[in-house]
Amino acid sequence: MSQRQSAGSGTPASARQAPLRLGTRGSALALAQSQRVADALTEATGRPVELIRIVTSGDTSAAPVQTLGVGVFVSALRDALSAKDIDFAVHSYKDLPTAPAPGLHIAAVPPREDPRDALIARGGLRLTELPPGARIGTGALRRIAQLNALGLQFDVVPIRGNIDTRISRVVGPHADLDAVVLARAGLARLGRTGEIAETLDPMLMLPAPAQGALAVECRADDAEMVDLLTALDDPATRAVVAAERSLLATLEAGCSAPVGAYAELAEGDDGDEIYLRGAVIATDGTHDVRLSRTGRPADAVEIGKALAADLLDAGAAGLWSAAPLSPSGAEPRNPAQPPNGTTPNASPRTAEAHVTGSTQ
């Protein structure tokens, strides 16, 4: 099922061309981010773009995201792309399965929004100001696990719904939560950053791999579309996202698993370098493994693979489930004793470390 909506008037020459068909989900956030891509493409190439709304299986289910399977928010878009019902699609990159789709190509990764998580809370309270027993809503196992790992005795409530629905559970007339945690990027794209009580430090809440980034996908054999979309690509964003997603793919944990990853591009002694942090956290927060690696942007994929191997060597594979197995020899965390200024309530065994050396 699809609905068409024109986007971008283009130049007089472009007006004589058939609009490019951009497939998008129909939520307010999906439409906002797709409209940005449409406008940017029209500005860069002069080609008009129309938005075609496509309903995905993830949009029609109220079940927890982690029970729906991989790719629930993108499969219908990819089917439409393969069937040539649309010319290209815009995805939230974190929703994409890590395995490539046959016949399709990520032609552009536009500049990334701030990838951090954000807290919206009653009275504008910060996370550490919320009292024990405060009800905090989120739909992501990664966030549930990290909130539990803080040891602040929050009542973490799994929730679903769009941004409006989630925020209304904190500030609406029928509010039943004290706070919700959302991706800051989505709030920024909808112009709602003024409602944020706190943007969460990655040391407290490591983002999901590729959070805040968009993937613009087309058919691999559509050379004209590939060429047009190249104008939207940001090499720096592509590199850091490649590192984060390579870590996730190597862990084979799935995009809804309690895995956080955040790569930054910074100036090093010998030019730009990627600094990648990764974490795997037991859903109940009792154990976590947090490590980091650095390397050259050209080696982004290898950096992610190497860090994933480090995490697995440290016992991360036992932390996938809600009833986690502890790493061999690990002691449960002591909430009263955060070690050496690292993430609060991480145990000495699982405190963040840094791995240097070759990523080969």
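Residues numbered from 1 in each chain as written. Predicted model: local features only at pLDDT ≥ 70, side-chain atom pairs only at ≥ 80, totals over all residues. Heavy atoms only, no water.

K.L.:
Could you clarify how one ought to interpret the overall build of the chain in this entry?
P.N.:
Assigned secondary structure in the chain consists of 10 helices and 15 strands. In the chain, buried positions account for 52% of the 360 residues. A separation of at least 24 residues holds for 70% of the contacts in the chain among residues at least 6 apart in sequence. (Helix = DSSP H or I, 4+ residues; strand = E, 2+ residues; numbered from the N terminus. Buried < 20%, exposed > 50% of the residue type's maximum accessible area, 1.4 Å probe, protein only. Contact = heavy atoms within 4.5 Å.)

K.L.:
Honestly, the pattern of salt bridges in this entry has me stumped. Any pointers?
P.N.:
Oppositely charged side chains can pair when the atoms bearing their charge come close. One pass over the structure, following the stated rule, counts 21 salt bridges. Of the charged contacts in the structure, one is a salt bridge between Arg112 and Glu244, with a shortest N-O distance of 2.8 Å. With Arg112 in the loop between strand E5 (104–108) and strand E6 (117–121) and Glu244 in helix H9 (residues 235–251), this pair connects stretches of sequence that are 132 residues apart. In this structure, Arg293 and Asp310 form a salt bridge, with 2.7 Å as the shortest nitrogen-oxygen distance. A residue pair is termed long-range when its members are at least 10 positions apart, and Arg293 in strand E14 (residues 288–295) and Asp310 in helix H10 (residues 300–313) qualify at 17 residues. The pair formed by Arg293 and Asp310 is uniform in burial state, with each residue classed as buried. Put simply, Asp117, Arg142 and Arg143 are held in one network by salt bridges that share partners. (Salt bridge = Lys/Arg side-chain N within 4 Å of Asp/Glu carboxyl O.)

K.L.:
What exactly am I supposed to notice about the environment of Gln17 here?
P.N.:
Within the fold, Gln17 resides in the loop between helix H1 (12–15) and strand E2 (20–24). Owing to a relative accessible area of 35%, Gln17 belongs among the partly exposed residues under this scheme. Once the C-alpha coordinates of Gln17 and Arg47 are considered, the two residues, 30 residues apart in sequence, prove to be 7.4 Å apart. Excluding residues within four positions of it along the chain, Gln17 makes contact with Arg47 and Pro48. Polar side-chain contacts of Gln17 include one of 3.3 Å to the side chain of Arg47. (Polar contact = N/O pair within 3.5 Å; in protein donor to acceptor, adjacent residues only side chain to side chain.)

K.L.:
Honestly, the nonpolar core in this entry has me stumped. Any pointers?
P.N.:
Side chains of nonpolar character tend, in soluble globular proteins, to be buried together. Counting 32 residues, the largest nonpolar core has Tyr93, Leu247, Ile274, Leu276 and Leu311 as its most contacted members. For this core, the secondary-structure elements that each account for two or more residues are H9, strand E12 (259–268), strand E13 (271–281), E14 and H10. Of the residues forming this core, the biggest block, seven residues, is contributed by H9. Filtering out sequence-adjacent residues up to four positions away, Leu247 remains in contact with Val259, Ala261, Leu276, Gly278, Gly304, Leu307, Ala308 and Leu311. Listed in part, the 19 residues of the second largest apolar core include Leu31, Leu51, Leu214 and Val216. (Core = buried A, V, L, I, M, F, W, Y, C linked by side-chain atoms within 4.5 Å.)

K.L.:
What exactly am I supposed to notice about the packing of H9 against H10 here?
P.N.:
The angle between the axes and the distance between the axes are what describe a pair of packed helices. Here H9 crosses H10 at 35°, and the two axes come no closer than 7 Å. Relative to H10, the crossing made by H9 is right-handed. Across the interface between the two elements, Ala239, Ala242, Ala243, Ser246, Leu247, Thr250 and Leu251 from H9 touch Ala300, Val301, Gly304, Lys305, Leu307, Ala308, Leu311 and Leu312 from H10. When its residues are assigned to classes, the contact of H9 with H10 shows 11 nonpolar, three polar and one charged. (Axes fitted to C-alpha atoms, helices over the stretch in contact; angles between N-to-C directions. Left-handed = near helix turned anticlockwise from the far one by under 90°. Nonpolar A, V, L, I, M, F, W, Y, C, P; charged D, E, K, R; others polar.)

K.L.:
Quick question: what am I supposed to make of the sheet that holds strand E9 (residues 179–183) here?
P.N.:
One key point about sheets: their strands pair by backbone hydrogen bonds, in either a parallel or an antiparallel sense. Reading across from one edge, E8-E7-E9-E6-E10 is the order of the five strands in this open sheet, with mixed pairing throughout. Two strands in the sheet have a free side with no partner beyond their single neighbour: strand E8 (155–158) and strand E10 (198–199). Bridge analysis of E6 against E9 gives five bridges, and the strand direction is antiparallel. Looking at the pairing, Leu119 lines up with Val181 of E9. (Pairing = 2+ DSSP bridges.)

K.L.:
What is the right way to read the confidence of the model for the chain from this model?
P.N.:
Any residue range with low pLDDT should be treated as having predicted coordinates unsuitable for detailed reading. Across the chain, the average pLDDT comes to 83, with 78% of residues at or above 70. Within the model, the stretch residues 57–70 combines pLDDT values under 50 with 23 contacts to residues more than four positions away or in other chains. (pLDDT = per-residue confidence, 0-100.)

K.L.:
Can you walk me through a negative patch on the surface in this structure?
P.N.:
A cluster of like negative charges, contributed by Glu267, Asp269, Asp270, Asp272 and Glu273, occupies part of the molecular surface. Judged by relative accessible area, Asp270 falls into the exposed class, the value being 80%. (Patch = residues over 30% accessible without salt bridge, like charges linked within 9 Å, V, L, I, M, F, W, Y side chains within 5 Å. Areas by Shrake-Rupley, 256 points an atom, 1.4 Å probe, with all protein chains shown as cover. Lys, Arg positive; Asp, Glu negative; His and termini not counted. Charge placed at Lys NZ, Arg CZ, Asp CG, Glu CD.)

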